Amino acid sequence: MIKIIDYGIGNIQAFLNVYKRLGISADVARSKEDIKDSTHLILPGVGAFDRAMTLFNESGMRESVECRVLEDNIPVIGICVGMQMLANSSDEGTMAGLGWIPGRVRSFSSHNSSANLPMPHMGWNDVIENKKSPLLEGFVSNPRFYFLHSYYYECEDDNDVVASASYGHNFNCVIGRNNIYGIQCHPEKSHSSGYQLLKNFSEI
C-alpha cells in the first residue's frame, strides 16, 4: 500500500486523487502504526525547510519511516520541500535534514546566473534525464512539470542526479539513490506527466 505521509503540510488529497484516477491503492499515514504496512512512501512538503523538518520530527513518524526506508528498503519519494528534506542541510534554515541523499539545498539567489531572476521559480519546465531511472520510464520526449520553488538541491555525488531542469542555470530536479528518490517539481499538478511519474513510482 502506498502511504502519503501527513505530518501537517503538503497537498495530501491531490496525491490521493491522482492515485484514485489511476486505479492504484493509496492511503494517508498519520501515525507510526500507519507506516508499518506501507510498501511505498510519499513525503510531500511545502513552505520553509525548518518548519517542515520540525513538523516531521514532532509527528512521531520519523523513526518508523526511517526503519521502513533505511532498514526495510521500501521505495520513498520526497516531493518539493519533501525532496529538500532528504539533504543534509539547507540555505533556508539551520536545522539538519534527513541526510538520506548527501547534499545541500541552495538558494537560487546564491548563484550568479539566477540571482536576478524573479523568485520563486514558478511555471512549467522541461525535465532532462541525466541517467536511466524507473521514475522516468514511459515518456516519449522530455516531460514537462510544474515548479514552484526558490531553492534547489545540490547533490554531493553526481551519480545521485537523475534529471535536471534550467532556471538561470541547470539544477538537480530529480534525484535518486537506491530506494530513495526526490523530485523538486509538483507531479500532482503536472497533468499527464505527473500521472505517469506517480504511476512509475508505484511500480518500483
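Analysis parameters
- Residues numbered from 1 in each chain as written.
- Predicted model: local features only at pLDDT ≥ 70, side-chain atom pairs only at ≥ 80, totals over all residues.
- Heavy atoms only, no water.
- Axes fitted to C-alpha atoms, helices over the stretch in contact; angles between N-to-C directions.
- Helix = DSSP H or I, 4+ residues; strand = E, 2+ residues; numbered from the N terminus.
- Parallel < 35°, antiparallel > 145°, perpendicular 65-115°, else oblique.
- Contact = heavy atoms within 4.5 Å.
- Phe/Tyr/Trp six-rings, centres within 6.5 Å; stacked < 30°, edge-to-face > 60°.
- Buried < 20%, exposed > 50% of the residue type's maximum accessible area, 1.4 Å probe, protein only.
- Core = buried A, V, L, I, M, F, W, Y, C linked by side-chain atoms within 4.5 Å.
- UniProt positions renumbered as here; feature names shortened; annotations may be inferred.

A. Just the packing of helix 1 (residues 12-22) against helix 6 (residues 191-202), in detail. Two elements in contact, helix 1 and helix 6, have axes separated by 10 Å at closest approach and are oriented at 80°. Comparing the axis directions of helix 1 and helix 6 gives the class roughly perpendicular. In this structure, helix 1 uses Phe15, Val18, Tyr19, Arg21 and Leu22 to contact helix 6, whose residues at the interface are Tyr195, Leu198, Lys199, Phe201 and Ser202.

B. Quick look at the packing of aromatic side chains. Applying the stated rule across the entire model yields 8 aromatic pairs. Ring geometry for Phe108 versus Phe171: centroids 5.3 Å apart, planes at 85°, classification edge-to-face. Of this pair, Phe108 sits in the loop between strand 6 (103-107) and strand 7 (121-126) while Phe171 sits in strand 12 (residues 169-177); the two residues are 63 residues apart in sequence, bridging distant segments of the chain. Here the two residues Phe108 and Phe171 agree in accessibility, since each one is buried. Ring geometry for Phe139 against Phe145: centres 6.4 Å apart, planes inclined by 70°, an arrangement best described as edge-to-face. For Phe145, a relative accessible area of 1% corresponds to the buried category. Three or more aromatic residues joined by ring pairs make a cluster, and in this case those are Phe108, Phe147, Tyr152, Tyr167 and Phe171.

C. Representation of the nonpolar core in the model. By size, the foremost hydrophobic cluster in this structure holds 63 residues, and its most contacted members are Ile5, Tyr7, Val65, Ile77, Met85 and Tyr153. Among residues more than four places away in sequence, those in contact with Tyr153 are Met83, Gln84, Leu86, Ala87, Ile101, Pro102, Gly103, Arg104, Val105, Asn172 and Ile175.

D. Spotlight on the UniProt feature "active site" (unreviewed entry) in the chain. Under the UniProt annotation, the feature "active site" (unreviewed entry) is placed at Cys80, His186 and Glu188. The largest pairwise C-alpha distance within this set of annotated residues, which runs over 109 residues, is 10.8 Å, so the set is compact in three dimensions. Its location among the elements puts Cys80 in the loop between strand 4 (76-79) and helix 5 (81-84). Residue Cys80 is classed as buried on the basis of its relative accessible area of 5%. Setting aside residues up to four positions removed in sequence, Cys80 forms contacts with Gly45, Leu148, Ile183, Gln184, Cys185 and His186. In this structure, His186 sits in the loop between strand 13 (180-183) and helix 6. Ignoring any residue separated from it by four or fewer positions in sequence, one finds His186 in contact with Val46, Cys80, Tyr146 and Leu148.

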